[in-house]
Amino acid sequence: MEPGIRKKNVDQAVRAQSHSGCRIALAIHALAEPAFKEFESSSLLAEYLTDQGFEVEFPWRHMPTAFRATWGDGKPAIGMLGEYDALPDCGEKEGDWGHGCGHNLLGTGAAVGAVSAARVLEAAGLGGRIVYYGCPAEETLAGKVYMARDGAFRDMDACLAWHPGTDTGVSNTGGSSLDSLVYEFFGRTAHGASAHNGRSALDGAMLMDVAANYLREHVPENVRIHAVIRHGGDAPNVVPAYARSWYYVRGKDRAEVDSVRERLNACARGAAMATETQVKWHRLTGVYPRLPNDTLCTAVQANVELFGTPRATADDRRRAGEVLGKDADFNRAIAPGSRDQGRGSSDEDNVSWLAPMGRFQVASHARGTSGHHRDLAAQAALPFAQRAMLQAAKIFAATAVELCADTKLLRQVRMEFERRTRAFEYDPLVPKRQPVPVDPP
Ligand SMILES: [Zn+2]
Ligand SMILES: [Zn+2]
């Protein structure tokens, strides 16, 4: 299908869905549900996809807010990733949850893209399968990790993903690798005045933290170790029998994170030995760095350029300005894509090791808007953000249609993926029966 025809068909298909899409994005914005508790948000998207003729498995496996919606049964199979979890303290009022990462747009844009791709394929008599993955809990870096452990994404010929941002373009480099680790120390309680009879689990946790501080000097440049103590006892006059800390280790790749984690484990063991306590640890979630796919990203970039960015009106600038409390403008340029690995991490990068991944961004809020912030959440309900979301839907649909129509392109995408994963075996990083971390440890 010629790019001109593809554009015309996709424009039409997305226009027909725009009313439903904007309604759902606003509803999810108002719901602002936390990770793994996105019951109504996931239902809204699942209902929409059911109404549009998708076959929906909801919930998916044992995850109550995950689902999978499939249209068609042919090949190739194109996956589209949707997220819908919110963030604490990003709502209108202090303390309220809000869409400070714009996932109300993210999940809905991908769903509208999936429906529009199905409509265009149908009308053109093209074969193919469109699979929308409803992915909970991106903000806690867990949803797709557990879905991947349980078999998702592997049967896709390619997967597409996007994120609302302040810039537009394709990013092929992704974020950092990460381990989220929980350390539990077990001691012996005693009256504080007779502490010689006790062994403090809190001492173990604190001594581990001291050791981790010394470790920081001797790790590679880009490694980051973050930690909080989640439980340290209840009263100063009771020797704590139990303490729990939560660490993140980030690095450039799995090997780097694995090596630093083993050294951090040694800090934990050393601290336990010195304090005569016991320690055990487990990994809550683990993230891979992105496996790039240049062929797919070039195709996505061409579709980003085909549709461009939404034009901001004086009213859009005024409304974003009211949120930010200063003059606001929007970046209309299309960036060639960053070549630098991000410091943050996302569970979508795990998917890139199971299927070729094409990931893009569309400017949905004004320049200078902070991420994970209520200023972003407020803009994620404005008309400009809705138009940006519909542009994203077009890029999803157009790329999916292109991959279904152009067998040579898809073959090249697959060849690059096979070449890059030749000696690779996917380690799910979380044990088979470990339940999803619904609440923080
Ligand atoms: Zn986020
Ligand atoms: Zn996000």
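Throughout, residues of each chain are indexed from 1 in the direction in which the sequence is written. Labels are handed out in written order, letters beginning with A for the chains and numbers beginning with 1 for the ligands. pLDDT decides what is reported in this predicted model: residues at 70 or higher carry local features, side-chain atom pairs at 80 or more are listed and counted, and totals for whole chains, interfaces and linings draw on all residues regardless.

Side note on the environment of Pro 428
In this description a helix means any DSSP run of H or I spanning at least four residues, a strand means any run of E spanning at least two, and both kinds are numbered starting from the N terminus. On the secondary structure map, Pro 428 appears in the segment after helix H12 (407-420). The burial criterion counts other C-beta atoms lying within 10 Å of a residue's C-beta, which is placed from the backbone; the residue is buried at 20 or more, exposed at 12 or fewer, and partly exposed between these limits. Exposure remark for Pro 428: the 15 C-beta atoms within 10 Å place this residue in the partly exposed category. Here the alpha-carbon distance between Pro 428 and Arg 149, two residues 279 residues apart in the chain, equals 5.0 Å. Here, residue contact means that the backbone-derived C-beta atoms of the two residues sit within 7 Å. Each residue touching Pro 428, except ones within four places of it in the same chain, is listed here: Ala 148 and Arg 149.

Focus: the nonpolar core
Definition of nonpolar core: a set of buried Ala, Val, Leu, Ile, Met, Phe, Trp, Tyr and Cys residues joined via C-beta atoms within 7 Å. Ranked by size, the top nonpolar core spans 133 residues in total, and within it Ile 78, Ala 114, Tyr 132, Phe 396 and Ala 397 carry the most contacts. When residues in this core are grouped by element, the largest group, 15 residues, is from helix H11 (residues 383-405). Both domain 1 (3-175 + 289-420) and domain 2 (177-286) contribute no fewer than three residues apiece to this core. Apart from the residues lying within four places of it in its own chain, the contact partners of Ala 114 are Leu 49, Met 80, Ile 130, Tyr 132 and Phe 396. What counts as a domain boundary in this text is fixed by an automatic or database domain assignment.

Structural notes on the sheet that holds strand S9 (residues 242-251)
Note: two strands are recorded as paired if DSSP finds a minimum of 2 bridges between them. Strand order in this open sheet of four strands is S8-S9-S7-S10, and the pairing throughout is antiparallel. Across the chains shown, the open sheet's two edge strands, defined by having one partner strand only, are strand S8 (224-231) and strand S10 (278-287). The mean inter-strand angle of the sheet, taken between neighbouring strand axes irrespective of direction, is 20°. Alignment of strand S7 (residues 177-186) against S10, held across nine bridges, turns out to be antiparallel. Note on S10: the bridge partner recorded for Val 182 is His 282. On the sheet, helix H5 (residues 201-215) packs against S7, S8, S9 and S10 and is oriented at approximately 20° with respect to S9. Each axis is a line fitted through C-alpha atoms, taken for helices only over the stretch in contact, and angles between the N-to-C directions span 0 to 180 degrees. Across the sheet, helix H6 (residues 254-275) touches S7, S8, S9 and S10, and the angle it forms with S7 is around 10°.

Concerning the domain arrangement of the protein
Here the domain parsing of the protein yields domain 1 (3-175 + 289-420) and domain 2 (177-286). If you average the C-alpha positions of domain 1 and of domain 2, the two centres end up 37 Å apart. Contact residues are listed per partner, giving six residues for domain 1 and eight residues for domain 2. Residues are grouped as follows: Ala, Val, Leu, Ile, Met, Phe, Trp, Tyr, Cys and Pro are nonpolar; Asp, Glu, Lys and Arg are charged; every other residue, Gly included, is polar. Tallied by class, the residues present in the side of domain 1 that touches domain 2 amount to four nonpolar, two polar and no charged.

Some remarks on the sheet that holds strand S2 (residues 67-71)
Sheet architecture is open: eight strands sit in the order S1-S2-S4-S3-S5-S12-S6-S11, paired in mixed fashion. Only two strands of the sheet have a single neighbouring strand rather than two, namely strand S1 (55-57) and strand S11 (334-335). As defined by bridge partners, strand S3 (residues 77-83) adjoins strand S4 (residues 129-135) across seven bridges and the pair is classed as parallel. When the bridges of S4 are listed, Gly 82 appears paired with Gly 134. With respect to the sheet, H11 is in contact with S3, S4, strand S5 (158-165) and strand S12 (357-363), its orientation differing from that of S5 by roughly 165°.

Remarks on the environment of Cys 22
Considering the arrangement of structural elements, one finds Cys 22 in helix H1 (residues 3-31). The spacing of Cys 22 and Met 389 is 367 residues in sequence and 8.6 Å in space, taken between C-alpha atoms.

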